[in-house]
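Analysis of the macromolecular model
Each chain is listed here by its residues.
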Amino acid sequence: ACGASGTAAVKYGTMRENVLGLEIVLPDGTHATCGSRALKSSAGYDLVSIMTGSEGTLGVICNVTVKLHPIPSHILAASCAFEDLHSAAEAVVALRYTGVPLARCEILDEASLKAFNQSRSQREDESGGTGTTPMDVKPTLFLEFSGHDETVTMHDMEAAKSICASHHGTNFQHASEDEKRRALWNARHALYYAAIGLRPGATSRSTLVTDACVPLSKFAGIISATARDVTELNVVGPCFGHAGDGNFHCILPMLPTDSPDYIKRVHTVNENLIQRAIDAGGTCTGEHGVGYGKMKYLPKQYGEGGVAMMRAIKHSLDPLNIMNPGKIC
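Calculation notes
Residues numbered from 1 in each chain as written. Predicted model: local features only at pLDDT ≥ 70, side-chain atom pairs only at ≥ 80, totals over all residues. Heavy atoms only, no water. Helix = DSSP H or I, 4+ residues; strand = E, 2+ residues; numbered from the N terminus. Buried < 20%, exposed > 50% of the residue type's maximum accessible area, 1.4 Å probe, protein only. Contact = heavy atoms within 4.5 Å. Expected span 1.5 Å × (residues − 1). Phe/Tyr/Trp six-rings, centres within 6.5 Å; stacked < 30°, edge-to-face > 60°. Lys NZ or Arg CZ within 6 Å of the ring centre and 35° of its normal. Polar contact = N/O pair within 3.5 Å; in protein donor to acceptor, adjacent residues only side chain to side chain. Axes fitted to C-alpha atoms, helices over the stretch in contact; angles between N-to-C directions. Parallel < 35°, antiparallel > 145°, perpendicular 65-115°, else oblique. Left-handed = near helix turned anticlockwise from the far one by under 90°. Nonpolar A, V, L, I, M, F, W, Y, C, P; charged D, E, K, R; others polar. Pairing = 2+ DSSP bridges.

Here we take up the side chain of Glu144. In this fold, Glu144 is placed in strand β6 (residues 140-147). Using a relative accessible area of 12% as the deciding quantity, one classes Glu144 as buried. Aside from chain neighbours lying at most four places away, what touches Glu144 is Ile75, Leu76, Ala77, Leu102, Ala103, Arg104, Arg181 and Trp185.

Here it is as structure tokens:
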């Protein structure tokens, strides 16, 4: 219940847009119904959105009514490499502003592709065979197009190819068969553990994954600045994201043996990223939620008035503070 999303949010929206109704048990045991099965409603406060973003602090969700979307008849996957991260991100902005229908739109920086190639090589050494083809170590966009008419879907892909070319994109590849589509997107799908593997001994528990979302007009500048921070502060941190909606992450693996100075530099990357996002009119978290770690950023993002509203809602519904205490506000 943190308004979560993922690679398909650029087409289908986040959980907030896909939950129609909820059945909830409040902290005092009251059973409450929020929303309905209708696709829209103007009846009262938008309790569905409040609960969908509550991170377990306001009640227990017992039943969920969600939207259903038809499975598209035709799906095309594509990838395109760029000389620099800023150009790749600017191509994303152009794709969105020109209205090219995208089902998915992901961006990986050079460090991400390096991580994938290294992980791929290690797997082949262990298995004694050959597998996927290594990728050029260049910032890369991974795109997907879908629809119910093959000609229209192909036209969308060609429009995207032209826009990428105008931003100096090269090696544009596409595939429609399921297996080839998965292979084309393999670097994106394998990124998380490949990035952690850049520092042998690191685990998912010892890895900091940042999360911020910014207006599309600011996306290229902020993701590029974050990648520069990683380089200048000399830490390991591939940058990637759901570029189509301005949401991106930096995977920062750490080791038990890291010095206090290294850990400080890792957190500086995160602090800088969040401050830039808020200054740009964005958010300190696009999909992972606030939890404990980002509570301190809410006053910066919303001001004391906005945080006071959240506290008032929390106190009204959970005066004894028994639901996920100490989270959000």
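Having put the structure on the table, let's press on.
Turning to helix α11 (residues 260-279), a few remarks are in order. Along an α-helix, a turn takes 3.6 residues, which lines up residues three or four apart on a common side. Here α11 is 20 residues long and its end C-alpha atoms lie 28 Å apart, about the 28 Å a rise of 1.5 Å per residue gives. Looking at α11, one finds that the buried residues are Tyr262, Arg265, Val266, Val269, Asn270, Leu273, Ile274, Ala277 and Ile278. The secondary structure elements touched by the buried residues of α11 are β8 (207-209), β9 (212-213), α10 (216-232), β11 (247-253) and α12 (298-317). Just past α11, the residue Gly281 takes up positive phi, approximately 90°.

Let us now look at the packing of aromatic side chains. According to the stated counting rule, one finds 3 aromatic pairs in the structure shown. Centroid distance Phe142 to Trp185: 5.9 Å. Interplanar angle 65°. Geometry classified as edge-to-face. Of this pair, Phe142 sits in strand β6 while Trp185 sits in the loop between α7 (178-184) and α8 (186-189); the two residues are 43 residues apart in sequence, bridging distant segments of the chain. Judged by relative accessible area, Phe142 falls into the buried class, the value being 0%. Ring geometry for Phe219 versus Phe248: centroids 5.8 Å apart, planes at 80°, classification edge-to-face. Remark: Phe248 occurs in strand β11 and Phe219 occurs in helix α10; sequence separation between them is 29 residues. Pair check on accessibility: Phe219 and Phe248 agree, each one buried. Here the basic side chain of Lys327 rests over the ring of Tyr292, its NZ or CZ set 4.7 Å away from the ring centre.

Here we come to helix α4 (residues 85-97). The end-to-end C-alpha distance of α4 is 19 Å, a good match for the 18 Å that 13 residues give at a rise of 1.5 Å each. Leu85, Ser87, Ala88, Ala89, Ala91, Val92, Val93, Ala94 and Leu95 are the residues of α4 that are buried. Lining the buried residues of α4 we find β5 (104-108), β6, α6 (150-166) and α10. For α4, the N-terminal cap is Asp84; the gap from its side-chain oxygen to the backbone nitrogen of His86 is 3.2 Å.

Before going further, it helps to examine the environment of Thr226. Among the structural elements, Thr226 can be located in helix α10. In this structure Thr226 comes out as buried when scored by relative accessible area, which is 0%. Along the chain, Thr226 and Arg276 lie 50 residues apart, while their C-alpha atoms are 9.2 Å from each other. Those residues in contact with Thr226 that lie beyond four places of it in its chain are Cys239, Phe248, Val269, Leu273 and Arg276. Polar contacts involving the side chain of Thr226 include one to the main-chain carbonyl oxygen of Ile222, which spans 2.9 Å.

Two elements in contact, α4 and α10, have axes separated by 9 Å at closest approach and are oriented at 165°. Looking at the two axes, α4 sits roughly antiparallel to α10. Between α4 and α10 the crossing geometry is right-handed. Packed against α4, whose contacting residues are Leu85, His86, Ala89, Glu90, Val93, Arg96 and Tyr97, the element α10 presents Leu216, Ser217, Phe219, Ala220, Gly221, Ile223, Ser224 and Ala227 at the interface. When the residues that make up the contact of α4 with α10 are grouped by side-chain class, the tally is 9 nonpolar, 4 polar and 2 charged.

For the rest of this paragraph, the subject is the sheet that holds strand β1 (residues 19-25). Spatial ordering of the open sheet is given by β2-β1-β3, a layout of 3 strands whose pairing is antiparallel. Each edge of the open sheet carries a strand with a single partner, namely β2 (31-35) and β3 (60-66). Recorded for the sheet is a direction-independent mean angle of 15° between the axes of neighbouring strands. By the bridge criterion, 5 bridges tie β1 to β2 in an arrangement that is antiparallel. Bridge pairing links Ile24 to Ala32 in β2.

Taken across its 8 residues, β6 has 8 buried, putting it largely inside the fold. Judged by which residues are buried, β6 turns out to be covered on both faces: Thr140, Phe142, Glu144 and Ser146 on one side and Leu141, Leu143, Phe145 and Gly147 on the other are all buried. In terms of strand pairing, strand β4 (residues 74-81) meets β6 through 8 bridges, oriented antiparallel. Counterpart to Ser79 in the pairing with β6 is Phe142. The pairing of β5 with β6 spans 5 bridges and is classified as antiparallel.

The values reported here are purely geometric and, on their own, carry no functional implication.
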